[in-house]
Amino acid sequence: MRTRKDLLGLEDLTREEILEVLDTAESMLEILERPIKKVPTLRGITVANLFFEPSTRTRVSFELAEKRLSADSVNFQSTGSSVSKGETLKDTARNIEAMRVDMVVIRHGSAGAPHFLGRNLQAGVINAGDGAHEHPTQGLLDLFTVRRHLGRVEGLRVALLGDIAHSRVARSNLWGLRKLGASVVVCGPATLLPAEVERLGVEVAPTVEEAVDGADVVNVLRLQLERQTSSLIPSIREYARLFGLTRERLALAKPTALVMHPGPMNRGVEIAHDVADGTRSVILDQVTNGVAVRMAVLYLLLAEKRSEAGTALERTA
Amino acid sequence: MELFKEKAEIVDALEMRRMITRLAHEIVERNKGTSELVLVGIRRRGVPLARRIQDRIREFEQAEVPLGMLDITLYRDDLKTISTQPVVGSTEIPFEIDDKVVVLVDDVLYTGRTVRAAMDEIVDFGRPRAIHLAVLIDRGHRELPIRADYVGKNVPTSRREIVAVRVEEIDGRDGVAIGEGPE
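Rules used in this analysis
Residues numbered from 1 in each chain as written. Chains lettered and ligands numbered in written order. Predicted model: local features only at pLDDT ≥ 70, side-chain atom pairs only at ≥ 80, totals over all residues. Heavy atoms only, no water. pLDDT = per-residue confidence, 0-100. Helix = DSSP H or I, 4+ residues; strand = E, 2+ residues; numbered from the N terminus. Contact = heavy atoms within 4.5 Å. Phe/Tyr/Trp six-rings, centres within 6.5 Å; stacked < 30°, edge-to-face > 60°. Buried < 20%, exposed > 50% of the residue type's maximum accessible area, 1.4 Å probe, protein only. Lys NZ or Arg CZ within 6 Å of the ring centre and 35° of its normal. Right-handed = clockwise from strand over helix to strand, strands pointing away. Pairing = 2+ DSSP bridges. Axes fitted to C-alpha atoms, helices over the stretch in contact; angles between N-to-C directions.

A. Region of the structure containing the confidence of the model for chain B. All names here are of chain B. Taken residue by residue, chain B gives an average pLDDT of 91. The fraction at 70 or more is 92%. Averaged pLDDT values for the elements of chain B fall to 90 in strand β1 (residues 5-11) and rise to 98 in strand β5 (residues 130-138). Listed scores for the predicted complex are pTM 0.87 and ipTM 0.74.

Right under this line is the structure:
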């Protein structure tokens with residue numbers, strides 16, 4: 001990670017790089033428990049959060065991570081900005097860079113937008129979700145949450161339920177889980193599974209029961225009602241009946257199984273109320289861990305830059 | 001430490017043991033007991049040294065002094081050398097430090113920048129009544145107005161020299177050696 005300028009997806013990362021982020025996040029998590037939840041590490045660094053799609057959780061999580069590390073951050077939202085006046089992505093980014101920003105966190109509706117910026121900017125780029133492609137920090141925080149609760153990722157059986165085709169969370173999870181040696185089983189309506197999904201090295205289960213059976217982790221994806229998915233399923237009620245994670249279905253998983261969801265949840269659709277609030281749910285831990293993982297990513301990508309910017313002093317003894 | 005040519009061992013294992021025992025006595029004497037004391041070792045070699053001071057105090061005072069550890073990586077002013085440190089180590093201070101006397105423990109006092117970073121980190125955990133500094137070796141060349149309260153041994157050095165404290169727990173043996181650095 002230290003040699004990288006950008007974090008664009010888990011597909012590009014090696015197993016060692018993923019583990020480096022997870023190990024660093026352990027130390028970052030401790031900072032969040034302190035009375036003063038702030039360290040001076042990224043003082044003098046400026047991060048721009050560019051959100052071209054609505055987001056609350058991810059944007060707040062990045063903002064907190066930046067503040068906990070003492071970076072300065074600025075937020076750009078597409079609504080009401082120059083983007084709605086017809087400016088191109090490249091021009092927007094170049095203007096931001098002209099303001100001497102060191103890192104750009106971008107969420108965009110088009111797959112590849114962060115890669116485009118990464119090629120065109122000197123500043124580092126972190127992908128905070130690009131279309132249906134990847135959401136690497138969500139993938140990393142899911143891996144981190146699994147490892148913290150179950151002690152490992154290798155050898156686990158992880159079920160991903162729901163809209164796999166439109167889910168960047170699913171794609172980042174798939175890459176990360178495979179690289180760390182977990183086996184992945186997916187299940188969802190045929191219209192919401194990508195063509196030839198088996199070629200990604202996952203098992204496809206015909207029913208939720210078969211997917212959940214014996215699972216160590218059940219990661220329930222959000223039914224993205226705001227996207228085009230509504231025309232791909234007969235009705236939300238039928239989806240809930242056939243694919244929703246209920247208490248009865250969860251009982252088929254291992255007794256220690258974790259229930260995860262990237263949020264925001266459609267309660268009663270992809271996940272039942274009592275499962276979301278149940279003893280196996282680690283959904284709120286995912287949110288806490290998200291801040292620590294994003295701190296780790298910012299630190300690993302920026303630490304070297306910070307020392308160039310600041311007064312480089314000889315090594316202490 | 002791997003890149004250095006050893007010139008001489010200046011402290012052997014037995015002498016190091018005596019130095020640590022003396023440091024432990026001085027800490028207890030100056031604080032008139034152990035009731036307000038907490039020990040915090042600075043990673044990496046400050047941690048085993050702090051643990052040994054804690055062991056000695058337990059032996060001769062029958063008192064348990066809380067022991068914490070500090071990783072100052074995130075507080076450094078020279079993160080350029082970070083590539084030599086694979087992972088940010090964890091800081092563990094699982095007790096209240098408000099109104100306590102925090103004794104920071106490190107192996108070598110040199111420029112004082114590590115201690116500056118450690119003090120900045122400590123005050124993020126609370127407001128101690130005082131912060132003291134115990135080091136095994138003070139080699140001079142301070143760049144900040146910092147001094148140690150308890151010193152195992154003063155060792156005059158040149159800036160080109162390297163002082164290597166070795167501890168059983170990390171290096172397999174105890175002792176202090178002086179050598180020439182690379183260049």
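B. Just the confidence of the model for chain A, in detail. Model confidence for chain A is summarised by a mean pLDDT of 90, while 92% of its residues fall at 70 or above. Scored below 50 in pLDDT, residues 309-317 of chain A shows 24 contacts in the model against residues more than four places distant or in partner chains.

C. Expanded view of the packing of aromatic side chains. Residues and elements named next belong to chain A. Tallying each qualifying case throughout the model produces one aromatic pair over all chains. Their ring planes at 35° and their centres at 5.5 Å tell us that Tyr239 and Phe243 sit as a pair that is tilted. Within this pair, Tyr239 and its partner Phe243 are both found in helix α8 (residues 236-243), separated by four residues, close to a single helical turn. Both residues of the pair, Tyr239 and Phe243, count as buried. Over the aromatic face of Phe62 sits the side chain of Arg294, whose NZ or CZ is 5.0 Å from the ring centroid.

D. How the structure looks around the pairing of strand β1 (residues 46-51) of chain A. Residues and elements named next belong to chain A. Across the six residues of β1, six count as buried, placing the element largely inside the fold. Side chains of β1 alternate between two faces, with Thr46, Ala48 and Leu50 and Val47, Asn49 and Phe51 buried alike. A crossover links β1 with its parallel partner strand β2 (residues 72-77), the connecting element being helix α2 (residues 57-68), and its sense is right-handed. The sheet contact formed by β1 and strand β3 (residues 103-108) spans five bridges and is parallel. Note on β3: the bridge partner recorded for Val47 is Met103.

E. Representation of the sheet that holds strand β9 (residues 258-260) of chain A within the structure. Residue and element names in this part refer to chain A. Pairing is parallel across the open sheet formed by five strands, whose spatial order is β7-β6-β5-β8-β9. This sheet does not close on itself; its edge strands, each paired only once, are β7 (203-204) and β9. Judged from the two bridges that link them, strand β6 (residues 183-187) and β7 form a sheet pairing that is parallel. Bridged to Val185 within β7 is Glu203. Where helix α6 (residues 168-179) meets the sheet, it contacts β5 (157-161), β6 and β8 (217-220), and its direction lies at approximately 170° from that of β5.

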